[in-house]
Amino acid sequence: MPRTTEFHESLLDTHLVVDVRTPLEFEEDHLPGALNVPLLTNEERVEIGTIYKQVGPREARRRGLELTAHRFPAMVAEIAARAAGRPILVYCWRGGLRSKTVAAILDLTGHAAVQLTGGYRAFRQVVTAYFEPFRPPAPLVVLHGMTGIGKTTFLLRLAAAGHSTVDLEGLASHRGSAFGELGLSQTLSQKRFETLLWDAFRRLPPERPIIVEGESRRIGRMTLPGNLYEVMRESMKIWCTASVETRVGRLIEEYGLPGYRDGMAAALLRIRKKLGGDRYEELAGHLERWEMGPFMEGLIRGYYDRLYYKTREWTEDATIALEDFDAAQRELERFLATGAAATPG
């Protein structure tokens, strides 16, 4: 019998985490940093499940052994090579036969392996509970501002400078706007998004404010988990500004690529009703002629600025101009240094 252990986040930093579920299960979500060494293929798992239901567990186990026994040497070799001497944590869907089998074989071959009690389901419960209710490891500082201001670029620069940040749009693979999917592919599941978000927060030190970008409750198809959205609404708020000219230039830099033309046309069509017929035709004409300056300015004035932050039910704690990112960083750092971000606003 292999040794078992309850989940604790410290295991992710000390063990090689091995997911023995199928590739489809792994793709939907998995523990951070996990190595997928599937005991069964996607099709084999379906076959075993059918035998279990129609014939019984004994025949299902016999067929499972028949399908997998020849794979054990290669699985052990792959896991051992990646472990490089570290202890090994093995898990499956609910801490059942698959992880028990692999952990036992590893143990028999002289490797320090333990089975995760409750499997992926136990880990999933940890992630869900983390956001219900959400208590961030440090106070949040939320950057707000109109589309094209450069908030994401600013956030990434702050991260590179050593500030604690969480890039919600980056984790969600979506920019959170009508054109937010251009150049991105939001194929991850909601569970995967939540795991990535949990891992991002758990890695941050508790003593420094955490800077995030203001978002709606949904980022593309992803939904902010638990009461994270409400916590962000109650946290320190920074209003970021930049001129329309600067915003046009930044939108062109981000979206004005010929390869995005068809995607931009499709996105424009989706917001046609909100634009109105005349404005839509005007913008569609600019796009067809690839007149990016007038197109982006028309979007800013005729769509983004009419839709987003039209009314704000809150007052910002500070205003920072993003015309120059270096100057904006110094201004934000001066604000944070005053200790004003120590408690939510």
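Before reading further, recall that the structure is shown in the block above.
Residues numbered from 1 in each chain as written. Predicted model: local features only at pLDDT ≥ 70, side-chain atom pairs only at ≥ 80, totals over all residues. Heavy atoms only, no water.

(A) Structural detail: unusual backbone geometry. Residue Pro-133 is reached from Glu-132 by a cis peptide bond, and omega for that bond is -5 degrees. Note on placement: Pro-133 falls in the loop between helix H7 (119–130) and strand E6 (140–144). Backbone geometry places Ala-84, a non-glycine residue, at a positive phi of 50 degrees. Mapped onto the elements, Ala-84 comes out in the loop between helix H5 (72–83) and strand E4 (88–91). Phi is positive for Trp-290, which is not a glycine, with a value near 55 degrees. (Helix = DSSP H or I, 4+ residues; strand = E, 2+ residues; numbered from the N terminus.)

(B) The arrangement of the pairing of strand E12 (residues 318–321) in detail. Where burial is concerned, the two faces of E12 differ: the one with Ala-318 and Ile-320 is buried and the one with Thr-319 and Ala-321 is not. Bridging between strand E11 (residues 236–241) and E12 involves four bridges; their strand directions are parallel. When the sheet's bridge partners are listed, Cys-240 is paired in E12 with Ile-320. (Buried < 20%, exposed > 50% of the residue type's maximum accessible area, 1.4 Å probe, protein only. Pairing = 2+ DSSP bridges.)

(C) Expanded view of the side chain of Arg-247. Looking at where Arg-247 falls in the secondary structure, it is placed in helix H12 (residues 244–255). The contacts of Arg-247, once residues within four sequence positions are left out, are Met-146, Thr-147, Gly-148, Ile-149, Ala-242, Ile-300 and Asp-305. (Contact = heavy atoms within 4.5 Å.)

(D) Local environment of the sheet that holds E11. Spatially, the five strands line up as an open sheet ordered E7-E8-E6-E11-E12, and their pairing is parallel. Here the strands that pair on one side only, and so sit at the sheet edges, are strand E7 (164–166) and E12. For this sheet, the mean angle separating the axes of adjacent strands, direction not counted, is 30 degrees. Against the sheet, helix H8 (residues 151–160) engages E6, E7 and strand E8 (210–213), with an angle of about 160 degrees to E8. Its contacts with the sheet put helix H17 (residues 325–337) on E6, E8, E11 and E12, and the angle it makes with E12 is roughly 160 degrees. (Axes fitted to C-alpha atoms, helices over the stretch in contact; angles between N-to-C directions.)

(E) Layout of the pairing of E4. Of the two faces of E4, the one lined by Ile-88 and Val-90 and the one lined by Leu-89 and Tyr-91 are each fully buried. The sheet contact formed by strand E2 (residues 16–19) and E4 spans four bridges and is parallel. Residue pairing for E4: Asp-19 is matched across the bridge by Tyr-91. Crossover connection from E4 via helix H6 (residues 97–108) to parallel strand E5 (residues 113–116): handedness right-handed. (Right-handed = clockwise from strand over helix to strand, strands pointing away.)

(F) Quick look at the packing of helix H13 (residues 261–270) against helix H15 (residues 277–288). Interhelical geometry of H13 versus H15 gives an angle of 180 degrees and a closest axis separation of 11 Å. Relative to H15, the element H13 is oriented roughly antiparallel. Across the interface between the two elements, Arg-261, Met-264, Ala-265, Leu-268 and Leu-269 from H13 touch Tyr-280, Leu-283, Ala-284, Leu-287 and Glu-288 from H15. (Parallel < 35°, antiparallel > 145°, perpendicular 65-115°, else oblique.)

(G) Up close: the side chain of Ser-99. Relative to the assigned elements, Ser-99 resides in helix H6. The exposure class of Ser-99 is buried, given its relative accessible area of 0%. A polar side-chain atom of Ser-99 sits 2.9 Å from a polar atom in the side chain of Gln-115. Those residues within four positions of Ser-99 in sequence are excluded, and the remaining contacts are Val-20, Val-90, Tyr-91, Cys-92 and Gln-115. (Polar contact = N/O pair within 3.5 Å; in protein donor to acceptor, adjacent residues only side chain to side chain.)

(H) How the structure looks around the nonpolar core. In terms of nonpolar packing, the biggest core is built from 38 residues, with Leu-31, Leu-140, Val-166 and Phe-201 touching the most fellow members. Ranked by the residues each element gives to this core, the list is headed by helix H10 (residues 190–202), at five residues. When near neighbours in sequence (up to four residues on either side) are disregarded, Leu-140 contacts Phe-134, Phe-201, Ile-210, Leu-228, Val-231, Met-232, Ser-235 and Met-236. Of all hydrophobic cores here, the second largest spans 23 residues; its members include Tyr-255, Ala-267, Leu-283 and Ile-300. (Core = buried A, V, L, I, M, F, W, Y, C linked by side-chain atoms within 4.5 Å.)

(I) Layout of the sheet that holds E5. Taken together, five strands build an open sheet; the order of strands is E1-E5-E4-E2-E3 and the sheet is parallel. For this open sheet the edge positions go to strand E1 (3–5) and strand E3 (35–36), each flanked by a neighbour on one side alone. Bridge analysis of E1 against E5 gives three bridges, and the strand direction is parallel. Each bridged residue has a counterpart across the sheet, and for Arg-3 the counterpart in E5 is Val-114.

(J) Looking closely at the packing of H7 against H10. Between H7 and H10, the least distance of the axes is 10 Å, while the angle of their chain directions is 65 degrees. Overall, the two elements H7 and H10 adopt an arrangement that is roughly perpendicular. The handedness of the crossing between H7 and H10 is left-handed. Contacts between H7 and H10 involve Tyr-120, Phe-123, Arg-124, Val-126, Val-127 and Tyr-130 from the former and Lys-191, Glu-194, Thr-195, Trp-198, Phe-201 and Arg-202 from the latter. In terms of residue class, the contact of H7 with H10 is built from seven nonpolar, one polar and four charged. (Left-handed = near helix turned anticlockwise from the far one by under 90°. Nonpolar A, V, L, I, M, F, W, Y, C, P; charged D, E, K, R; others polar.)

(K) Structural context of the pattern of salt bridges. Enumeration according to the criterion identifies 23 salt bridges in this entry. A salt bridge links Glu-47 to Arg-63; the nearest nitrogen and oxygen atoms lie 2.7 Å apart. Highlighted residues: Glu-47 in helix H3 (residues 42–54) and Arg-63 in helix H4 (residues 57–68), separated in sequence by 16 residues. Residue class for Glu-47 comes out partly exposed when judged on its relative accessible area of 29%. The salt bridge partner of Arg-124 is Glu-194, with a shortest N-O separation of 2.7 Å. Of this pair, Arg-124 sits in helix H7 while Glu-194 sits in helix H10; the two residues are 70 residues apart in sequence, bridging distant segments of the chain. (Salt bridge = Lys/Arg side-chain N within 4 Å of Asp/Glu carboxyl O.)

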